[in-house]
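What follows is the residue order along each chain.
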Amino acid sequence: MEINFNSPFFKILRQIVFYLFLAALWQILFNLKFWPRYLFPSPGQVFETLIYGFRDKTFLIAIGISLKRLLIGYGISMVFGTTLGLLIGKIKFLDETVGGFLVGLQTLPSICWLPLAILWFGLNESAITFVVVMGSLFSITMATDSGVKNIQPIYLRAGLTMGATGMRLFTHVVLPAALPQVLIGLKQGWSFAWRSLMAGEILFVSMGLGHLLNVGRELNDMSQVIAVMIVMVMMGVFMELLVFGTAERRVRQIWGLERQ
Amino acid sequence: MRVVLKRVHKSFKQKGQQVQALHDINFSVEEGEFICVIGPSGCGKSTLISLIAGLEFPDSGQVFVDDKIVEGPSKDRLVVFQEAALFPWLTVLANVEFGLKIAGVNQTQRRDCALEAIKMVHLSRFVNSHPHELSGGMKQRAALARAIVMDPKILLMDEPFAALDAQTRQMLQEELQELWQKTKKTILFVTHNVREATFLSDRVFEITARPGTIKKEYLISIPRPRREQDPHLLAVQTTIMGSLKDEIEKVAKQELDIDYEISKTGVVTPVDRNLGSNI
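Residues numbered from 1 in each chain as written. Chains lettered and ligands numbered in written order. Predicted model: local features only at pLDDT ≥ 70, side-chain atom pairs only at ≥ 80, totals over all residues.

> Would you explain the overall build of chain A in this entry?
Within chain A, the secondary structure is distributed over 10 helices and zero strands. Listed N to C, the secondary structure of chain A is α-α-α-α-α-α-α-α-α-α in terms of helices and strands. In terms of overall dimensions, chain A is more spread out than a globule: its C-alpha atoms have a radius of gyration of 23 Å, far above the 18 Å expected for 260 residues. Expressed as lengths along the three principal axes of its C-alpha atoms, the size of chain A is roughly 70 × 70 × 30 Å. Taken across its 260 residues, chain A has 35% of its residues classed as buried. (Helix = DSSP H or I, 4+ residues; strand = E, 2+ residues; numbered from the N terminus. Rg over C-alpha atoms; globule rule 2.2 N^0.38 Å. Buried ≥ 20, exposed ≤ 12 C-beta atoms within 10 Å, placed from the backbone.)

> Would you take a moment to explain the overall build of chain B for this structure?
Each helix and strand in chain B was counted, giving seven helices and 12 strands. In summary, chain B has a C-alpha radius of gyration of 20 Å against a globular reference of 19 Å for 279 residues, a match within 12%. Expressed as lengths along the three principal axes of its C-alpha atoms, the size of chain B is roughly 80 × 40 × 40 Å. Expressed as a percentage of its 279 residues, the buried residues of chain B come to 39%. Across chain B, contacts joining residues at least 24 apart in sequence account for 67% of those joining residues at least 6 apart. (Contact = placed C-beta atoms within 7 Å.)

> Would you take a moment to explain the packing of helix α5 (residues 114-121) of chain A against helix α6 (residues 125-149) of chain A for this structure?
Each pair of packed helices can be described by the angle between their axes along with the distance between the axes. Residue and element names in this part refer to chain A. With their axes 9 Å apart at the nearest point, α5 and α6 run at an angle of 145 degrees to one another. Taken as a pair, α5 and α6 cross one another with a handedness that is right-handed. Contact residues: α5 offers Leu 114, Ala 117, Ile 118 and Phe 121, while α6 offers Ser 126, Ala 127, Phe 130 and Val 131. Tallied by class, the residues present in the contact of α5 with α6 amount to seven nonpolar, one polar and no charged. (Axes fitted to C-alpha atoms, helices over the stretch in contact; angles between N-to-C directions. Left-handed = near helix turned anticlockwise from the far one by under 90°. Nonpolar A, V, L, I, M, F, W, Y, C, P; charged D, E, K, R; others polar.)

> Whenever I open this one, the environment of Ser60(B) confuses me. Can you help?
Residue and element names in this part refer to chain B. Locating Ser 60 in the fold gives a position in strand β4 (residues 60-65). Overall, the presence of 11 C-beta atoms within 10 Å leaves Ser 60 in the exposed class. Each C-alpha atom of the pair Ser 60 and Val 8 lies 5.7 Å from the other, and the pair is 52 residues apart in sequence. Not counting residues up to four positions away in its chain, the partners in contact with Ser 60 are Arg 7 and His 9.

> I keep staring at helix α4 (residues 136-148) of chain B and nothing clicks. Help me out?
With 13 residues, α4(B) extends 19 Å from end C-alpha to end C-alpha; this agrees with the ideal 18 Å at 1.5 Å per step. Counting buried positions over the 13 residues of α4(B) gives 11, a clear majority of the element. (Expected span 1.5 Å × (residues − 1).)

> Just to check I follow, could you spell out the interface of chain B and chain A for this structure?
For interface size, the figure often reported is the accessible area lost on association. Of the residues lining the interface, 20 residues belong to chain B; the matching set on chain A comes to 16 residues. Breaking the side of chain B that touches chain A down by element, the ones donating at least two residues are β6 (77-80) and α2 (92-102) of chain B. Of the residues belonging to the side of chain B that touches chain A, the class tally is 14 nonpolar, three polar and three charged.

> Please explain the domain arrangement of chain B as it appears in this structure.
All names here are of chain B. Segmenting chain B into domains produces domain 1 (3-76 + 153-270) and domain 2 (86-151). The distance between the C-alpha centroids of domain 1 and domain 2 comes to 26 Å. At the junction of the two partners, domain 1 supplies eight residues and domain 2 supplies seven residues. Of the residues that constitute the side of domain 1 that touches domain 2, the class distribution is six nonpolar, one polar and one charged. (Domains from an automatic or database assignment.)

> Would you mind showing me how to read the sheet that holds β4(B) here?
Through backbone hydrogen bonds, the strands of a sheet pair up, either in parallel or in antiparallel fashion. Residues and elements named next belong to chain B. Strand order in the open sheet formed by four strands is β2-β1-β4-β5, with antiparallel pairing between adjacent strands. Edge positions in the sheet fall to β2 (17-29) and β5 (68-69), since each has one partner strand and no second. Lying over the sheet, helix α1 (residues 45-53) contacts β1 (3-14), β2 and β4, oriented at roughly 120 degrees with respect to β1. (Pairing = 2+ DSSP bridges.)

> Would you explain the nonpolar core in this entry?
The tendency in soluble globular proteins is for nonpolar side chains to be buried side by side. Residues Ile52(B), Ala145(B) and Leu156(B) are the most contacted members of the largest nonpolar core, which totals 122 residues. Once residues within four sequence positions are removed from consideration, Ile52(B) is found in contact with Val3(B), Val63(B), Val70(B), Arg77(B), Leu156(B) and Leu188(B). (Core = buried A, V, L, I, M, F, W, Y, C linked by C-beta atoms within 7 Å.)

> Would you mind showing me how to read the sheet that holds β6(B) here?
Residue and element names in this part refer to chain B. An order of β6-β7-β8-β3-β9-β10 is seen for the six strands of this open sheet, with the pairing classed as mixed. Taken across any chain shown, the strands that pair with only one partner, and hence form the sheet edges, are β6 and β10 (214-219). Pairwise comparison of adjacent strand axes, ignoring direction, gives a mean angle of 15 degrees for this sheet. The pairing of strand β3 (residues 34-38) with strand β8 (residues 186-191) spans five bridges and is classified as parallel. If you follow Ile 38 over to β8, its bridge partner there is Thr 191.

> Can you help me understand the environment of Gln181(B) in this one?
Residue and element names in this part refer to chain B. One can find Gln 181 in helix α5 (residues 166-183). Looking at Gln 181, the number of C-beta atoms within 10 Å reads 11, which means it is exposed. Sequence spacing of Gln 181 and Phe 34 is 147 residues, and the spatial spacing of their C-alpha atoms is 9.8 Å.

> Would you take a moment to explain the packing of helix α2 (residues 43-55) of chain A against helix α10 (residues 222-255) of chain A for this structure?
All names here are of chain A. Where α2 meets α10, the axes come as close as 9 Å, and the angle between the chain directions of the two elements is 70 degrees. As judged from the angle between their axes, α2 and α10 are roughly perpendicular. Here α2 runs over α10; the crossing is right-handed. Mapping the contact onto sequence places Gln 45, Val 46, Thr 49, Leu 50 and Gly 53 in α2 and Ser 223, Gln 224, Ile 226, Ala 227 and Ile 230 in α10. Tallied by class, residues from the contact of α2 with α10 come to five nonpolar, five polar and no charged. (Parallel < 35°, antiparallel > 145°, perpendicular 65-115°, else oblique.)

> Is there a simple way to explain the environment of Leu155(B) in this structure?
All names here are of chain B. Mapped onto the secondary structure, Leu 155 falls in strand β7 (residues 154-158). Through-space distance from the C-alpha of Leu 155 to that of Val 80 is 7.5 Å; in sequence the pair is 75 residues apart. Ignoring sequence-local partners within four residues, the contact set of Leu 155 consists of Leu 78, Val 80, Ala 147, Lys 185 and Ile 187.

> Teacher, can you tell me more about unusual backbone geometry here?
With the exception of glycine, most residues fall at negative phi, and the peptide bonds are largely trans. Cis geometry is adopted by the peptide bond preceding Pro225(B), which originates at Arg224(B) and carries an omega value of -5 degrees. Among the structural elements, Pro225(B) can be located in the loop between β10 and α7 (231-255). Located in the positive-phi region is Asn220(A), a residue other than glycine, with phi close to 55 degrees. One can find Asn220(A) in the loop between α9 (208-218) and α10. Phi at Asp67(B) takes a positive value of approximately 65 degrees, unusual for a residue other than glycine. Looking at the secondary structure, you find Asp67(B) in the loop between β4 and β5. For Asp67(B), a count of 7 C-beta atoms within 10 Å puts it in the exposed group.

Structure follows, in structure tokens:
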């Protein structure tokens, strides 16, 4: 029987082997004792911390709190970002005024909003939501705007001749035609929101994953620091696989950019 | 539905320069006529379509449809574009239903109409496919179905078969001829293919190189259904071809080097071809 090395089974096997190889490398480095144990824990120690953290629910609670903040902030960004982007893309006056202004604001790292947010809202949930919104809003807006501007004019002409004018042209042609670009903006917005949240949590706000990371530093508990970082990476990967990867693939298949 | 163009001028900006696309265009199309507009590339044929469709407006002169000045797009005048312009995010069925949906036709009714139109262009097996799954010819069939389902009074076709291979093109031309005979719609068909123009139409308008003006009008009174090899058809084609060659040469001179000329065989050759052979 011929073995197909391209089958999904072998793909997963290759990935597992790769991660085992990374862990082995880590273990070897640990055994060589270049660094003191408290600065460079073994994979086993970190794994133990992970298990312990999930068992006594501190990780789960932190994940829950961070996710809640993220979803609120990102949700606001999503609604306002796409709306604003569509408006800027369609209305020339807004493009010239607000559009240019947003390009400037986008260059500002989102964490720079934190001092302002704390003075405005105090050290609370509103401040962190504000930072998350500011972190992700502009990239969603800009991507939506460019999505609208990059629509092939022939689609608009076709829509117009078939009687789609004004709002109906907008919902039936402009919106779906811009969707692939909007999706890219949403994905980018998500990662910006995530970064802003972590920066905010590390600096000021209690609870959440960023806070847990900072507690690890304060306790000189390197294995907790690494364990929390691993949790963050895993969450990013899951989000990519489950939500954005799936949505993007679906759109690419419909548009014929990727074979099913 | 009658289409009348009166002293139409149209120019547009290209790379900062004002380019005159159409110059003093006058013609009228009677109801149920099949008209072909032929001319070298870049002579403003597509602009003509846009003007009648109401997507663009003349700088001066008027475009009348049924004695009313065209003020914008209308479902009575539908365009079939060269690139098909199907919406890639919709299935064939949804694409064909699009215009009816916009018009507010209820779902069962528009589905029935769409399926009927799709059947007319022989695409029933691809109802649920997305445009990228179709070949070039099938895309144009779908685009045609999308237009005829709206039952427009005028069909404006902007080089719809230009990007297709010879066999597919021939097949679609014959089907279009049949469709026109059945429905008796007014069709304005833009092409740069002389054979296509003579095969399909009642009258052919020849447009000059930029700025486009109507150079000649040819009446083609050969009964239908026509055959591709009809000797009468070939005779008309030769006449038009001869007249068109001058225009194509003008365009070549504009676009290529100024010293290009078209030889009698119709092949573009540079005058300095035998450069150095007499040394």
